[in-house]
Amino acid sequence: MATACGLCAGANYFNQPLLNSIAHALQVSESTAGILVTCAQVSYAIGLLFLVPLGDMLERRKLTVGLMLLAAIGLLVSGFAGLMPSPFTALVLGTLVTGLFSVAAQVLVPMAASLAPRESSGRAVGLVMSGLLTGILLSRTVAGLLSAVGGWSLVYKAGGIAMVLVALALYRVLPKVAHSGPRLPYGQVLGSMATLIRTQPRLRTRTLLGGLAFASVSVLFSTMALMLGGPEHGLSDSSIGLIGLSGVAGALMANAAGRLVDKGLERPTTAFSVLLLVVNWALLWYSQHSVFLFIVGMLVIELALQGTHICNQNVIYRLAPEARSRINACYMTGYFIGASAGSAIGAWAWHHGGWTGACIAGTVLALLNVAALLADRRLSHPGAVASATDAA
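As annotated in an unreviewed UniProt entry, the chain carries the name MFS transporter and is attributed to Comamonas squillarum.

1. Some remarks on the nonpolar core
Nonpolar side chains tend toward joint burial in soluble globular proteins. Met68, Leu132, Met163, Leu220, Trp281 and Phe294 are the most contacted members of the largest nonpolar core, which totals 113 residues. Counting residues per element, this core draws most heavily on helix H17 (residues 324–379), which supplies 17 residues. Filtering out sequence-adjacent residues up to four positions away, Phe294 remains in contact with Leu220, Met224, Met227, Leu228, Ile243, Leu284, Ser287 and Trp355.

2. Description of the layout of surface pockets
The space that makes up the second largest pocket amounts to roughly 210 Å³. Along its surface, the second largest pocket is lined by 16 residues, and Gly6, Leu7, Phe14, Gly135 and Val142 are the ones closest to its centre. Secondary-structure elements contributing two or more residues to the lining of the second largest pocket are helix H1 (2–10), helix H8 (121–150) and helix H9 (154–173). Examining the composition of the lining of the second largest pocket, we find that seven residues originate from one element, H8, more than from any other. The residue inventory of the lining of the second largest pocket, partitioned by class, reads eight nonpolar, eight polar and no charged.

3. A few points about empty space enclosed by the protein
Gaps left between atoms are located by rolling a probe of water-molecule size over the structure's atoms. Counted by the stated rule, this structure contains one cavity of 30 Å³ or more. Looking at the largest cavity, its volume works out to about 50 Å³. Those elements that place two or more of their residues in the lining of the largest cavity are helix H5 (60–79) and helix H6 (87–101). Its residues placed into classes, the lining of the largest cavity shows five nonpolar, five polar and no charged.

4. Here's the deal with H5
Between the first and last C-alpha of H5 there are 28 Å, a value that for 20 residues agrees with the 28 Å anticipated at 1.5 Å per step. At the N-terminal end of H5, a side-chain oxygen is found 3.0 Å from the backbone nitrogen of Arg61, two or three residues along, and the residue is Glu59.

5. Quick look at the side chain of Asp376
In this fold, Asp376 is placed in helix H17. Of the polar contacts made by the side chain of Asp376, one reaches the side chain of Thr205; its length is 2.7 Å. In this structure Asp376 touches Arg202, Thr205, Arg206 and Leu209, once residues within four positions along its chain are discounted.

6. A word on the packing of helix H4 (residues 35–50) against H6
Orientation of H4 relative to H6, taken along the N-to-C sense of each, is 30 degrees, at an axis distance of 7 Å. Handedness of the crossing formed by H4 with H6: right-handed. Residues Leu36, Cys39, Ala40, Ser43, Tyr44, Ile46 and Gly47 of H4 form the contact with H6, whose own contacting residues are Phe88, Leu91, Val92, Thr95, Leu96, Gly99 and Leu100. Residue classes in the contact of H4 with H6 are distributed as ten nonpolar, four polar and no charged.

7. Re the packing of helix H10 (residues 186–199) against helix H11 (residues 201–228)
Where H10 meets H11, the axes come as close as 5 Å, and the angle between the chain directions of the two elements is 90 degrees. As summarised for this structure, H10 and H11 are arranged roughly perpendicular, according to the angle between their axes. Across the interface between the two elements, Leu196, Ile197, Arg198 and Thr199 of H10 pack against Pro201, Leu203 and Arg204 of H11. The residue inventory of the contact of H10 with H11, partitioned by class, reads four nonpolar, one polar and two charged.

8. So, the pattern of salt bridges
Scanning the model with the defined rule gives five salt bridges in all. We note a salt bridge from Arg202 to Asp376, for which the minimum N-O separation is 2.8 Å. You can see Arg202 sitting in helix H11 and its partner Asp376 sitting in helix H17, a full 174 residues away along the chain. Like Asp376, Arg202 is buried. Measuring nitrogen to oxygen at the nearest pair gives 2.5 Å for the salt bridge that ties Glu266 to Arg206.

9. Description of a nonpolar patch on the surface
A grouping of Val42, Ile46, Leu49, Phe50 and Tyr186 is seen on the molecular surface, where their side chains present a nonpolar patch of about 410 Å² in accessible area. At four residues, the largest contribution of residues to the nonpolar patch is made by H4.

10. Side note on the environment of Thr223
Counting through the fold element by element, Thr223 comes out in helix H11. Ignoring sequence-local partners within four residues, the contact set of Thr223 consists of Gly346, Trp350, Trp355 and Ala358. Among the polar contacts made by the side chain of Thr223, one reaches the main-chain carbonyl oxygen of Val219 at a distance of 2.8 Å.

11. Notes on the packing of aromatic side chains
Taken as a whole and judged by the stated rule, the model has nine aromatic pairs. A ring pair is formed by Trp152 and Tyr156, whose centres lie 6.0 Å apart and whose planes are at 80 degrees; its orientation type is edge-to-face. In this structure Tyr156 comes out as buried when scored by relative accessible area, which is 2%. On the numbers, 5.8 Å between centres and 90 degrees between planes, the contact of Tyr335 with Phe336 is edge-to-face. By the ring-pair criterion, three or more aromatic residues cluster together here, those being Tyr44, Phe214, Tyr331, Tyr335 and Phe336. Above the plane of the ring of Tyr171 lies Arg61, whose end atom (NZ or CZ) is 4.3 Å from the centre.

12. Here we look at the environment of Gly150
Here Gly150 shows up in helix H8. With 230 residues separating them in the primary sequence, Gly150 and Ser380 have C-alpha atoms 53 Å apart.

Thresholds applied
- Residues numbered from 1 in each chain as written.
- Predicted model: local features only at pLDDT ≥ 70, side-chain atom pairs only at ≥ 80, totals over all residues.
- Heavy atoms only, no water.
- Core = buried A, V, L, I, M, F, W, Y, C linked by side-chain atoms within 4.5 Å.
- Buried < 20%, exposed > 50% of the residue type's maximum accessible area, 1.4 Å probe, protein only.
- Helix = DSSP H or I, 4+ residues; strand = E, 2+ residues; numbered from the N terminus.
- Contact = heavy atoms within 4.5 Å.
- 1 Å grid on protein atoms, 1.4 Å probe; cavity = no way out; pocket = protein on both sides within 12 Å on 5 of 7 lines; lining within 4 Å.
- Points joined across faces, edges and corners; volume = space filled by probe spheres on them.
- Nonpolar A, V, L, I, M, F, W, Y, C, P; charged D, E, K, R; others polar.
- Expected span 1.5 Å × (residues − 1).
- Polar contact = N/O pair within 3.5 Å; in protein donor to acceptor, adjacent residues only side chain to side chain.
- Axes fitted to C-alpha atoms, helices over the stretch in contact; angles between N-to-C directions.
- Left-handed = near helix turned anticlockwise from the far one by under 90°.
- Parallel < 35°, antiparallel > 145°, perpendicular 65-115°, else oblique.
- Salt bridge = Lys/Arg side-chain N within 4 Å of Asp/Glu carboxyl O.
- Patch = residues over 30% accessible without salt bridge, like charges linked within 9 Å, V, L, I, M, F, W, Y side chains within 5 Å.
- Areas by Shrake-Rupley, 256 points an atom, 1.4 Å probe, with all protein chains shown as cover.
- Phe/Tyr/Trp six-rings, centres within 6.5 Å; stacked < 30°, edge-to-face > 60°.
- Lys NZ or Arg CZ within 6 Å of the ring centre and 35° of its normal.

Below, the structure written as structure tokens:
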């Protein structure tokens with residue numbers, strides 16, 4: 001399941017290091033090629049809203065495998081786009097299909113929580129999330145390496161074949177999980193997501209925690225290449241990509257965060273992760289003079305993000321076990337809204353203040369996350385959630 005999550009999530013990031021090659025090969029401008037990144041993000045967001053809630057209606061093994069096979073079709077369309085009458089249009093179509101159906105990963109995460117015993121659900125979620133996050137971080141490097149071997153399309157062809165093989169393996173090994181609770185019509189399932197947000201105050205605070213944390217980290221991701229490639233360090237694209245891999249170690253710590261949650265340490269783990277994010281921005285500011293400090297900062301910021309994220313997921317999955325897919329859809333939508341907002345804020349901050357401006361923006365977002373943590377702490381006291389729900 002961790003491998004499947006990594007492959008699904010990573011498939012949406014294959015195009016990012018290949019935009020220049022795609023532009024030259026398909027004879028479009030670089031700005032036109034950049035539309036592919038937006039297409040992947042938008043279609044993934046649509047899938048979060050409209051497909052992930054199906055996990056509370058349909059048998060999850062078949063749903064996951066079906067979504068992955070459809071995502072594989074999108075990858076193969078992209079891989080063979082050069083043979084189509086309108087290559088770039090075919091590539092856009094393949095990207096949209098892949099992004100839409102790769103949300104299979106977000107069906108697998110709550111499924112892992114439901115399959116595991118309660119005392120080890122945090123570890124299960126952490127393990128699956130480690131695979132997902134590692135897939136995102138490694139995807140750009142793998143895409144670059146395969147492009148050097150066989151051109152930009154090779155990663156899509158290889159990814160499509162791998163997606164089919166992993167989907168078939170999942171169908172073979174995953175248990176058939178019957179849907180529990182009343183079977184609601186699709187329209188009612190979608191409408192119930194708004195009800196969940198309104199009646200579950202900790203879903204709101206934990207979504208805010210996740211969104212602000214990811215926004216703060218996205219400020220770094222959107223500006224790191226500009227700083228590292230600038231006159232202070234002058235690193236090449238390949239060197240920057242390799243430095244970015246330091247975040248993989250932090251992503252692998254998602255499993256450790258899950259273990260801490262299983263030991264009843266969710267509250268201190270969340271608090272430590274949120275505060276670590278604030279403190280780390282000071283280290284990142286100094287990293288403009290030291291690549292080593294930047295590598296340490298990348299590791300620490302991934303630790304902080306994954307610690308917050310895993311704790312959030314374990315809290316929200318306990319709110320309404322019969323609606324885990326819908327709750328996950330609500331949470332992940334807010335999570336990726338935070339990522340998009342953070343990227344935009346990072347670009348604006350860099351334009352007006354360079355690396356110092358980016359660090360200030362990241363710190364402000366991290367401090368806002370502390371306020372969200374305090375709000376969630378108030379709701380965690382006995383009786384607080386009930387009174388907040390009654391008020392809603």
